[in-house]
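Chain by chain, the residues:
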Amino acid sequence: MGRAGILLPVLWKHLIKKPFTVLYPSEKLTLPEGYRGILVHDKDACIGCGICAKFCSAEAIELVDDREQKPLGNGKIRKNVPVFFLERCMRCGQCVESCPKNAIKLQKKVGLVAYQKEDMTVE
Amino acid sequence: MIDAVLAVFYLLVFPGFVFLGVYALLCEWIDRKAYARMQHRIGPPWFQPLADLIKLLAKEDVIPKNAERSLFQYAPPVALAAAAAPIINIPIWGTQALYSFQGDLLVILYMLSIPTLALFIIGWASGSIYPLVGSMRAVTMLFSYEVPMILACLSAGILSGSWSTSDITAHMATHPLEMLVLIPGFVVALFALQAKLERTPFDIPHAETEIVGGTLTECSGKKLAVMRLTGDILMLVGATLFAAIFLGGFVLQNGSFIFSGYDVTPLTNFGFYLIKTLLIVFILATIKTLFARLRIDQMVNFSWKYLALAGVFQLFIALGFVSGVKGVA
Amino acid sequence: MKSTQIKTLIEKNLPWAVVEVSRERRIMVYTPFGNLLATLQFLCDQGVTHVSTITGVDKIQDNKFELLYHLYWEQNEITVRVEVDRDKPIVPTVSTLLPGAVVYEREIQDMFGICVTDIPDRRRLLLFDEWPEGEYPLRKDYEVKANVTDIRGI
Amino acid sequence: MPKVRIPVGPQHPAFKEPMRVDLTVDGELVVEADVIISYTHRGIEKAAETRSYVKDLYLVERVCGICSHSHTTCFCQAVEEILDIEVPPRALYLRSLVGELERIQSHLLWVGVAGHELGWDTLLMYSWRDRERVMDMLELISGNRMNYAMNTIGGVRRDIEEEQLHDLKNGLSFLKERANYYIHLFTEEESFLKRTKGVGYLPTTLAKRLCAVGPTVRASNVKMDVRADDPYAAYAELEFDVITTNTCDVWGRTYVKIMEILQSIRICNQILDDLPAGELRVKAPVKIPEGEAVSRYEAPRGELIYYVKSNGTDKPERVKIRTPTLANWLVTVEMLKGVYIADVPIVVDAIDPCIACCARMLSCNATTTPVTSVDLTALRQSRRNEQVME
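Residues numbered from 1 in each chain as written. Chains lettered and ligands numbered in written order. Predicted model: local features only at pLDDT ≥ 70, side-chain atom pairs only at ≥ 80, totals over all residues. Heavy atoms only, no water.

*Asks:* Hey, could you go over the overall build of chain B for me, with residue numbers and the actual values?
*Replies:* Of the regular secondary structure elements, chain B holds 12 helices and two strands. Each helix and strand of chain B, placed in order from N terminus to C terminus, yields the pattern α-α-α-α-α-α-α-α-α-α-β-β-α-α. Buried residues in chain B amount to 55% of all 329 residues. The contacts in chain B between residues at least 6 apart in sequence include a share of 80% that link residues at least 24 apart. For chain B, the accessible area works out to roughly 13500 Å², and carbon and sulfur atoms hold 76% of it. Each charge sign in chain B was given a centre, from 20 positive and 19 negative side chains, and these centres are 7 Å apart. (Helix = DSSP H or I, 4+ residues; strand = E, 2+ residues; numbered from the N terminus. Buried < 20%, exposed > 50% of the residue type's maximum accessible area, 1.4 Å probe, protein only. Contact = heavy atoms within 4.5 Å. Areas by Shrake-Rupley, 256 points an atom, 1.4 Å probe, with all protein chains shown as cover. Lys, Arg positive; Asp, Glu negative; His and termini not counted. Charge placed at Lys NZ, Arg CZ, Asp CG, Glu CD.)

Have a look at this one:
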């Protein structure tokens, strides 16, 4: 037979403790170093090879014709450039891993909120 | 003419409906805040109960197809009236209630059990299966916690030799030591009140994880607002009744506290009243945080095995005390 | 018991079974369709009670369904493999020997349309009631219909 | 009282996910019960056949929200067995570490949900507050609280640095102290004992016959744990003991889960102490040669089976997933017989059902609309030609 109400001392101890809940928008979250946050794309380093689009499981990357026609080192012109749809990206980090030029990075930032769809696409 | 206006004022404003409503919402807030803080959470802001009430009043009031319309619509106001009415017979500041007569203790206890009957009618009249099961459970619980509660209150009456709450409080005020005799009765009454208000561990009729909303599943809009307000007022009136009977000792006699020429005792007594009721509400919140919900059969045999026995035991102590000590002294 | 011991035990008692140990604690038992119940009966007599699951594989190129009964016994996963031809996929129920297999047989019925004879519970397991009869999603020739116009709110 | 049929419906506060339990009730006692789970089926097995192995990894991770690492580890083990490649020991150790942390997090989540089912919300608040600590540890290791994406075919993708070891160790000692407190709570608190002792009785023979798995079966005195019977990843080199009780009721399942948290903490400490050096992964080809493999994993809810068959291309021919919850349904129906209505939620919840796990097919609302499922690329084309039209 157990005793009833053995939580009592713990309950009253919590009355004087600071509550555990973090009021997120006003108090900032402490994110660890390698946090997989919002995606950022370094356009200059990108050579438009399209490996990231091929490996993206959520199909959130799409290859678009490169308007800048940036010349690559070896005389050729970069034909297409990836466009990232952040509302579909699940931040798995496969593109970061498979990009040969390390052009994509997941930064330590949360809060992916936007009013228009355009804000959610990263060139 | 004057006392007619005064009576309306008493009925509607001070110890009447407005004061009850505001203080009931305050009690609900303290209950929810203490519940949250004990669970290491922040808890609602002070205006949350008021906001809930206003939101519910604005919401659409749906009546299910196969419900008995009249019963379903008029049961909530009856419950609210029955819950709020006894406040007149219970002394709030000092030892004299607004209107007291011999036997008003029984009237109060009877009025306090009408909301449960109204809940049964609502559950039964709403015609769907979950409220039906919920209302059946509410009534089975009614039989099990009503007896210990009455026993506890009667033993207070026996000590002071009268059935009027005001006389009980007056007696307690003059002999504060007799409160110690009533301590088991106070514990029994608190558990019975927790069962009457259907709060964990006795919230079986509207056990949210088992039969969805229980008796109040089909209520919405104004009816739900009225029923929640009834629950709060019931808690407040119950707390006031037990504060008056069991903690009656903390009441000062008139004229014993003169402050710069004015007789300030009614104010201090009102302060004591606030402290007493908030203490009771806090104890109820602790009980709510402490236990898991009991099943209906466990609840019934808990109240018959422990509460009723404690009530009878308290009755014998009161009788023994009255005939023994008082008889000799 | 070691996998090799089980292999010799099965080969000794079930002449028709072809046993192959793919890796430690994994035993594949290929049996012809006729002797499925006999094989399972023998294994149950040895003390097998736990059926992990029943996998259906649609081998459309040689017009066959392959059923893999994954059983667990003495730290070894024994897979009894049977082939059923695709046009007349009728399989006897094994729930008499292994009552736990009912759930997986119902799943095969839903997904592959393999009719399991005298199964205790004939209802659908995973597909909802309005799913059209005769369409079995996990068959290779079931093409996923993508008529986009019918999706509201696009 | 006539027999009343109460559907504890798909939308019910007791079950967080859509499943239905039809009870035929005599008074307050359940006489007959039937479990129906075909409400959201997402078709992950069919979808897995149309994606490459790398994409499948992230698809399979989303079978279950709480035990995502179990699914990716099981899938990777199957593919690695087909490829017959040697995963470096450090990767095996890290896989087991994240697997055990996920078990702690899953069990703590269940303790909270069980408390909520019993009307004991204080337990929900306390256990989910302690669970935050495990989630932070997992976030430290894998960069995300859920869907850790630690696994890739051939090894692990992220490593643990030296200074992280310190935080992990503190977290584990905090969890050990909290787990001991919960054990004290579950063996002492009277109102909890009253609601769980002798409820949802499942005799050992029945548990074995109906092939139940995981803590449900271990609470009925059946010693069956894939980590001990069929050691995978690094479990061969780690010692831990398989917890079983013979009370065969809801209390037994609670006790098994809490003691398993202690065992997981012990395993994690062992892993952190002797983590072997070495690289993290081995290069795996994109096209997987012909072959097939059965891989088993001890998910928090029980034994998880994956069967992968490859046909030489970069897409698998068949991926069969059998999640532990699917195996426990027959046993749930048996446990529900002879139980009070008030106990139905806690009995159903005692097997820790994860409906998302066992329902894997996309279906629209079940009214009149014919069956439609949408492919993402088709969706994008439709929107583009709409934009063109504007």
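*Asks:* Describe helix H3 (residues 102–112) of chain C, with residues and values.
*Replies:* All names here are of chain C. Most of H3 is tucked away, with 11 of its 11 residues classed as buried. When we look at burial in H3, the residues that qualify are Val-102, Val-103, Tyr-104, Glu-105, Arg-106, Glu-107, Ile-108, Gln-109, Asp-110, Met-111 and Phe-112. Two residues or fewer past H3, Gly-113 is found with a positive phi of approximately 75 degrees.

*Asks:* Go over empty space enclosed by the protein with me, naming the residues and quoting the values.
*Replies:* Residues and elements named next belong to chain A. What the rule picks out here adds up to eight cavities of 30 Å³ or more. A volume near 120 Å³ is recorded for the largest cavity. Taken together, 16 residues make up the lining of the largest cavity; nearest its centre are Cys-56, Cys-89, Met-90, Cys-92 and Cys-95. Contributing elements (two or more residues each) for the lining of the largest cavity: strand E3 (80–85) and helix H3 (94–98). Grouping the amino acids of the lining of the largest cavity by side-chain chemistry returns 12 nonpolar, three polar and one charged. In this model, the second largest cavity occupies a volume close to 90 Å³. Residue composition of the lining of the second largest cavity, by class: 10 nonpolar, three polar and one charged. (1 Å grid on protein atoms, 1.4 Å probe; cavity = no way out; pocket = protein on both sides within 12 Å on 5 of 7 lines; lining within 4 Å. Points joined across faces, edges and corners; volume = space filled by probe spheres on them. Nonpolar A, V, L, I, M, F, W, Y, C, P; charged D, E, K, R; others polar.)

*Asks:* Let's hear about a nonpolar patch on the surface: which residues, and what values?
*Replies:* All names here are of chain B. On the surface, Leu-6, Val-8, Phe-9, Leu-11, Leu-12, Val-13, Phe-17, Val-18 and Val-22 cluster together into a nonpolar patch covering about 780 Å² of accessible area. Breaking the nonpolar patch down by element, the ones donating at least two residues are helix H1 (2–12) and helix H2 (17–38). Ranked by residues supplied to the nonpolar patch, first place goes to H1 with five residues. Its location among the elements puts Leu-6 in helix H1. The exposure class assigned to Leu-6 is partly exposed, which follows from its relative accessible area of 40%. (Patch = residues over 30% accessible without salt bridge, like charges linked within 9 Å, V, L, I, M, F, W, Y side chains within 5 Å. Salt bridge = Lys/Arg side-chain N within 4 Å of Asp/Glu carboxyl O.)

*Asks:* Which residues make up the packing of H2 of chain B against helix H10 (residues 221–246) of chain B, and what values go with them?
*Replies:* Residue and element names in this part refer to chain B. One way to put it is that H2 packs onto H10 with a least axis distance of 8 Å and a crossing angle of 90 degrees. When the interaxial angle is binned, H2 and H10 end up roughly perpendicular. Contact residues: H2 offers Phe-17, Leu-20, Tyr-23, Ala-24, Leu-25, Cys-27, Glu-28, Asp-31 and Arg-32, while H10 offers Arg-228, Leu-229, Asp-232, Ile-233, Met-235, Leu-236 and Val-237. (Axes fitted to C-alpha atoms, helices over the stretch in contact; angles between N-to-C directions. Parallel < 35°, antiparallel > 145°, perpendicular 65-115°, else oblique.)

*Asks:* Now, about the side chain of Gln-263 of chain D: what can you tell me, with residues and values included?
*Replies:* Residues and elements named next belong to chain D. Within the secondary structure, Gln-263 is located in helix H11 (residues 250–273). A distance of 2.7 Å separates a polar atom in the side chain of Gln-263 from a polar atom in the side chain of Asp-241. The residues contacting Gln-263, other than those within four sequence positions of it, are Phe-240, Asp-241 and Ile-243. (Polar contact = N/O pair within 3.5 Å; in protein donor to acceptor, adjacent residues only side chain to side chain.)

*Asks:* Describe the interface of chain B and chain A, listing the residues and the values that go with them.
*Replies:* At the interface, 11 residues of chain B touch 14 residues of chain A. Contact with chain A buries area across many residues of chain B, yet Met-38, His-40 and Leu-290 of chain B alone supply 49% of it, more than any other trio. Elements represented by at least two residues in the side of chain B that touches chain A include exactly H2 and helix H11 (265–290) of chain B. Looking at which element gives the most residues to the side of chain B that touches chain A, the answer is H11 of chain B, with four residues. Considered class by class, the residues forming the side of chain B that touches chain A number six nonpolar, three polar and two charged. (Buried area = accessible area lost by both parts, 1.4 Å probe.)

*Asks:* Got a sec to walk through the sheet that holds strand E8 (residues 316–322) of chain D? Specific residues and values, please.
*Replies:* All names here are of chain D. An order of E6-E7-E8 is seen for the three strands of this open sheet, with the pairing classed as antiparallel. Of all strands in the sheet, those bounded by a partner on one side alone are strand E6 (291–299) and E8. Ignoring which end each strand starts from, the neighbouring axes of this sheet average 15 degrees apart. The pairing of strand E7 (residues 302–310) with E8 spans six bridges and is antiparallel. Its bridge partner being in E8, Lys-309 is matched across the sheet by Arg-318. Packed on one face of the sheet, helix H3 (residues 68–83) meets E6, E7 and E8 and runs near 150 degrees to E6. (Pairing = 2+ DSSP bridges.)

*Asks:* So what about the pattern of salt bridges? Which residues, and what values?
*Replies:* Any two side chains of opposite charge can pair, on the condition that their charged atoms come close. The final tally for this structure, using the stated rule, is 55 salt bridges over all chains. Salt-bridge contacts for Asp-121 of chain C lead to Arg-123 of chain C; the nearest nitrogen and oxygen are separated by 3.0 Å. Where Arg-145 of chain D meets Asp-136 of chain D, a salt bridge forms, and the shortest distance between an N and an O atom there is 3.7 Å. Among the ionic contacts, a cluster of salt bridges with common partners joins Arg-25, Arg-26 and Glu-77 of chain C together with Asp-230, Arg-296, Glu-303 and Arg-322 of chain D.

*Asks:* I'd like to hear about the arrangement of the chains, residue by residue, with values.
*Replies:* Most contacts, when the four pairs of chains in contact are compared, are made between chains C and D. One finds no contact between chain A and chain C; the C-alpha atoms of the two approach each other to within 14 Å at their closest.

*Asks:* Got a sec to walk through the side chain of Ser-95 of chain C? Specific residues and values, please.
*Replies:* Residues and elements named next belong to chain C. Relative to the helices and strands, Ser-95 is located in the loop between strand E6 (90–92) and H3. Of note is the side chain of Ser-95, whose polar atom sits 2.8 Å from the side chain of Thr-93. The residues contacting Ser-95, other than those within four sequence positions of it, are Val-102, Glu-105 and Pro-120.

*Asks:* Could you give me a rundown of a negative patch on the surface, with the residues and numbers involved?
*Replies:* The grouping of Glu-161, Glu-162, Glu-163 and Asp-167 of chain D at the surface amounts to a negative patch. Relative accessible area serves as the criterion here: at 54%, Glu-163 of chain D is assigned to the exposed category.

*Asks:* Tell me about the nonpolar core, and name the residues and values.
*Replies:* Of all hydrophobic cores here, the largest spans 267 residues; its most connected members are Phe-242 of chain B together with Leu-101 of chain D. The element best represented in this core is H10 of chain B, accounting for 16 residues. Discounting chain neighbours no more than four positions away, the residues touching Phe-242 of chain B are Met-149, Cys-153, Phe-186, Ala-189, Leu-190, Leu-193, Leu-247 and Ile-280 of chain B. Grouped together as the second largest cluster of nonpolar side chains are 18 residues, Cys-52, Ala-53, Cys-99 and Ala-103 of chain A included. (Core = buried A, V, L, I, M, F, W, Y, C linked by side-chain atoms within 4.5 Å.)

*Asks:* Account for the pairing of strand E2 (residues 26–30) of chain C, with residues named and values stated.
*Replies:* Look at any regular strand and the pattern is simple: side chains alternate between the two faces of the sheet. Residues and elements named next belong to chain C. Across the five residues that make up E2, a large majority, four, are buried. Two strands pair when backbone bridges link them, and strand E1 (residues 18–23) and E2 are joined in this way by five bridges, in the antiparallel orientation. Pairing of Val-21 across the sheet is with Ile-27, part of E2. Between E1 and the antiparallel strand that follows it, E2, lie two residues; Arg-25 among them carries a positive phi value of about 70 degrees. Bridge analysis of E2 against strand E5 (residues 76–85) gives five bridges, and the strand direction is parallel. Residue Met-28 lies in a different strand from E5, and its bridge partner there is Thr-79.

*Asks:* Can you break down the sheet that holds strand E2 (residues 20–26) of chain D residue by residue, with the values?
*Replies:* Where strands meet in a sheet, backbone hydrogen bonds hold them as pairs that are either parallel or antiparallel. All names here are of chain D. Strand order in the open sheet made by the three strands is E1-E2-E3, with antiparallel pairing throughout. What marks the edges here is a single partner per strand, and that holds for strand E1 (4–8) and strand E3 (29–36). Mean inter-strand twist for the sheet, computed between neighbouring axes without regard to direction, equals 20 degrees. As defined by bridge partners, E2 adjoins E3 across seven bridges and the pair is classed as antiparallel.

*Asks:* I'd like to hear about H10 of chain B, residue by residue, with values.
*Replies:* Under the 1.5 Å per step criterion, the end-to-end length of H10 of chain B is 37 Å for 26 residues, consistent within 8% with the ideal 38 Å. The buried count for H10 of chain B comes to 22 of 26 residues, which makes it a mostly enclosed element. (Expected span 1.5 Å × (residues − 1).)

*Asks:* Run through the packing of aromatic side chains, naming residues and quoting values.
*Replies:* In the structure shown here, the tally under the stated rule is 26 aromatic pairs over all chains. Plain terms: the ring middles of Trp-12 of chain A and Phe-282 of chain B are 6.2 Å apart, the flat faces sit at 20 degrees to each other, and that makes the pair stacked. Of this pair, Trp-12 of chain A sits in helix H1 (residues 8–16) while Phe-282 of chain B sits in helix H11, which puts the two residues in different chains. Relative to Phe-302 of chain B, the ring of Phe-191 of chain B has its centre 6.2 Å away and its plane inclined at 65 degrees; by these criteria the two rings are edge-to-face. With Phe-191 of chain B in helix H9 (residues 183–196) and Phe-302 of chain B in helix H12 (residues 296–328), this pair connects stretches of sequence that are 111 residues apart. (Phe/Tyr/Trp six-rings, centres within 6.5 Å; stacked < 30°, edge-to-face > 60°.)

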